[in-house]
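Listed here are the chains, written in short residue letters.
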Amino acid sequence: MSRTYVRHIALLAGLVSFLVACGGEPSGGGTTSVAPSANVPDTAAIIGAVAKDPQLNASLPAAVAQAGALHLGSYIQSAPNNFYAADGKTPIGYEVDLAKAIAAKLGVGVQYQDMTFDSLITSLQSGRVDLTMAAMNDTKARQQQIDFVDYFTSGIAIMIRKGNPDAITGPDTLCGKNVAVVQGTSQQKFAADQSTKCTQAGKAALNVSETESDNQNQTQLRTGRVQAIVNDLPTAIYVSRTAGDGKFFEVVPGEPINGGPYGIGINKQNRPLAEAVQKALTELITDGSYGKILQAWGVEKGAIKEAVINGGS
């Protein structure tokens, strides 16, 4: 499922320009308000055209049907996946639009709960939310805890300072470097695994800084406290193109690391909801709504052809 760096550049080449809030510490429990330009894609017509499927609506768990909404947990500060509009309150992004479209197909609404990434799985398990959608990689390890409905494909990237003053050219050159990751992510595990590889090869371990937000990591990279950020590739390329008008960061060229699917997380005890979401997404893929949403955001290169449950490895 790996794709070349050039293909991923194309993935976001058509993405509209945004103004990214960089250089400040995040507020509100690890979230960051990002002010988009007036050119944020208007997907209202696409979502408004999604028709309710009565059979899928009837198959929803009673709690969801009675609430009339999906309670969705997310980590809303990861453009272009999900972030805040200019008002600092309204979630936007291609994931947000997909969630709205899935809910419309199911005949319910969506209510967002913003939380730290590393609390998403436990929030599902405790019943605090019905599902999660936050650029979370579907992996076999996570499948032991929750179920996933896969909706997108991506990979890990290394973001560095513009001009690459620390001569970082790939994972092996991270040995001995200060590296930032967001807590609870696949990137955190990758950094730990890479650190082990470094020490096994007789090199210095990675000095990993674990934070609650990408913005904290970007501030650390800009100020030289870390030499690299390990992030998901769509976000890394997006930030490198937009932060400081593209003058702050760049992405290390090469194949994406540990490429795989993003999944909508659902409690393992709630299989009926997982199946309803899978079928709703399948209908959106078939009728073209899914593709139109991704195309509007310029991320159509990450489109899946089939919605599956627990397709990650």
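In this text, all values refer to a predicted model and were calculated from it rather than measured experimentally. (Residues numbered from 1 in each chain as written. Predicted model: local features only at pLDDT ≥ 70, side-chain atom pairs only at ≥ 80, totals over all residues. Heavy atoms only, no water.)

1. Looking at the nonpolar core
By size, the foremost hydrophobic cluster in this structure holds 54 residues, and its most contacted members are Tyr94, Leu106, Tyr151, Ile264 and Val277. Those elements giving two or more residues to this core turn out to be helix 2 (44-48), strand 3 (69-74), helix 5 (94-106), strand 8 (146-161), helix 10 (233-242), strand 13 (257-267), helix 11 (271-287) and helix 12 (289-297). With 16 residues, the next largest nonpolar core counts Val181, Cys198, Ala228 and Ile257 among its residues. (Core = buried A, V, L, I, M, F, W, Y, C linked by side-chain atoms within 4.5 Å. Buried < 20%, exposed > 50% of the residue type's maximum accessible area, 1.4 Å probe, protein only. Helix = DSSP H or I, 4+ residues; strand = E, 2+ residues; numbered from the N terminus.)

2. Some thoughts on the pattern of salt bridges
Where side chains of opposite charge bring their charged atoms close, a pairing between them can arise. A full pass over the atoms with the stated rule returns seven salt bridges. With a closest N to O distance of 3.4 Å, Lys105 and Glu283 form a salt bridge. Of the two residues, Lys105 sits in helix 5 while Glu283 sits in helix 11, which places them 178 residues apart along the sequence. For Lys105, a relative accessible area of 7% corresponds to the buried category. Of the charged contacts in the structure, one is a salt bridge between Arg271 and Asp147, with a shortest N-O distance of 3.3 Å. With a gap of 124 residues between them, Arg271 in helix 11 and Asp147 in strand 8 connect regions that are remote in the sequence. We classify Arg271 as partly exposed; its relative accessible area is 34%. Three or more residues are tied together by salt bridges with common partners; here these are Asp147, Lys268, Arg271 and Glu275. (Salt bridge = Lys/Arg side-chain N within 4 Å of Asp/Glu carboxyl O.)

3. Topic: helix 8 (residues 186-200)
Every α-helical turn comprises 3.6 residues, leaving residues that sit three or four positions apart pointing alike. Its 15 residues give helix 8 an end-to-end C-alpha distance of 21 Å, which sits within 8% of 21 Å, the value for a rise of 1.5 Å per residue. For helix 8, the set of buried residues is Ser186, Gln187, Phe190, Ala191, Gln194, Ser195 and Cys198. Those residues of helix 8 hidden inside the fold are in contact with helix 7 (140-143), strand 8, strand 9 (178-182), strand 10 (207-211), strand 11 (228-232) and strand 13. In the segment just after helix 8, Gly202 is the residue with positive phi, at about 80°. (Expected span 1.5 Å × (residues − 1). Contact = heavy atoms within 4.5 Å.)

4. Some details on the side chain of Lys177
Turning to its location among the elements, Lys177 is positioned in the loop between strand 8 and strand 9. One buried charged side chain, Lys177, makes no salt bridge at all; its nearest oppositely charged neighbour is Asp166, positioned 6.6 Å away. Of note is the side chain of Lys177, whose polar atom sits 3.4 Å from the backbone oxygen of Thr173. Residues within four places of Lys177 in sequence aside, it is in contact with Asp166, Ile168, Ala205, Leu206, Asn207 and Gln227. (Lys, Arg positive; Asp, Glu negative; His and termini not counted. Polar contact = N/O pair within 3.5 Å; in protein donor to acceptor, adjacent residues only side chain to side chain.)

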